[in-house]
Amino acid sequence: MNLQAYTIEMFKILKLNNIANEGLEVFSGNDYHCGSDVTSPDAIILRSYDMHEMKIPNNLQAVGRAGSGVNNIPIDIYTDMAIPVFNAPGANSNAVKELVLASILMMARNIHSALKYVDSVKGSDDLEINIEKGKKAYVGFELPSKKLGVIGLGQIGVKVANAAHDLGMKVIGYDPLITVDNAINMQPGVTKVNELKDLLSECDIITIHIPYKKETENFIGSSEIKALKTGSIIINLSREKIVDTRSIIESIKNKHIKNYVTDFPSQELIDNENVLVMPHLGASTKEAEINCAVMVANSLKLYLETGNIVNSVNFPNVKLSLKSPHRLTITNTNIPN
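Only a predicted model underlies this, so the values are computations on that prediction, with no experimental measurement involved.

## Quick word on helix α3 (residues 93-108)
Helix length check: α3, at 16 residues, gives a terminal C-alpha distance of 23 Å against a target of 22 Å (1.5 Å per residue), a fit within 8%. Burial in α3 covers these residues: Ser93, Ala95, Val96, Lys97, Leu99, Val100, Leu101, Ser103, Ile104, Met107 and Ala108. Of the residues one or two after α3, Asn110 is the one with positive phi, at around 55°.

Structure representation (structure tokens):
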């Protein structure tokens, strides 16, 4: 039980990563001190810093992650301590959507392999002849002839599905936990299936947009990959462990799947000519970094000043008007008796 008077005071914010200035400006003014050298913070703001081994400050009230995924934060521990963890859902969705579309187009036209070929003949005396001869190996396909499977119809997945549909692809989506809002925002032409196997067996390309947790580790494993059409392409810009890397490599070796696109490099994938590996570029745009920083900073500020909760991953939204300078809050787990 916590009785707190919401009077204006100095709040200290510990910054564990570089955060866009637009987000830090939310904490400007005499009521906030924000920096990387703050001790005894009231709140922590971060991006990719691993908090699992970090000692939790005694007076910490909230944590804000300037992004959507929170697997670098021990959520269960903070929940037990009644500390809300905030994220920025949807703030980077357009950035990820655009990278998925770029990945689809690169795979469709074999651009990653073709660029490597051009680099291999750049010193040739017969460059023009080699280019004309070599291009036959990189004949691609056009998108309207292909089916895209979107696994996970959150804000990113719905944007990807809609954009691919607009490009003429037949799109099949799978998400048993889709929200009403996301379902409403999905293009009428996107087909939704209730069983993952129905998507896997139909699609030429699949892209995955689900959060990483214990239940989703190796969500796309050996049996799921075997269920795919021969020559399929898999795109994983979500989290590395959602897809079983060993099964991917084996399937490429057996020529069951054609290409794998991932945002999470490893030595065995970097050396594979059928894999496009990117250095975690999914949300790496200036716009996404600003959007995420501003969104989570506002959530932290709102909570510290009023106790209201918006966009927490471990507590429900709380939006109450403050007609009194005091608030009584009781946090409990829903256990009978």
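## Some thoughts on the environment of Ile235
Considering the arrangement of structural elements, one finds Ile235 in strand β11 (residues 232-236). Looking at Ile235, the relative accessible area reads 0%, which means it is buried. Residues contacting Ile235, with those up to four places away along its chain left out, are Val100, Ser103, Ile104, Ile205, Ile206, Thr207, Ile208 and Val261.

## Looking at the packing of aromatic side chains
Considering all chains together, one arrives at four aromatic pairs under this definition. Between Phe11 and Tyr32, the ring centres sit 5.4 Å apart and the planes meet at 35°, which makes this aromatic pair tilted. Within this pair, whereas Phe11 is found in strand β2 (residues 11-15), its partner Tyr32 is found in strand β3 (residues 32-35), the two being separated by 21 residues in sequence. Of the two residues, Phe11 and Tyr32, both sit in the buried class. Considering the side-chain rings of Phe27 and Tyr32, the 5.4 Å spacing of their centres and the 45° angle between planes classify their relative orientation as tilted.

## A few points about the sheet that holds strand β4 (residues 43-46)
Pairing is parallel across the open sheet formed by five strands, whose spatial order is β3-β2-β4-β5-β6. Across the chains shown, the open sheet's two edge strands, defined by having one partner strand only, are β3 and β6 (85-86). The pairing of strand β5 (residues 62-65) with β6 spans two bridges and is parallel. Bridging from a neighbouring strand, Val63 pairs with Val85 of β6.

Conventions adopted
- Residues numbered from 1 in each chain as written.
- Predicted model: local features only at pLDDT ≥ 70, side-chain atom pairs only at ≥ 80, totals over all residues.
- Heavy atoms only, no water.
- Helix = DSSP H or I, 4+ residues; strand = E, 2+ residues; numbered from the N terminus.
- Expected span 1.5 Å × (residues − 1).
- Buried < 20%, exposed > 50% of the residue type's maximum accessible area, 1.4 Å probe, protein only.
- Contact = heavy atoms within 4.5 Å.
- Phe/Tyr/Trp six-rings, centres within 6.5 Å; stacked < 30°, edge-to-face > 60°.
- Pairing = 2+ DSSP bridges.

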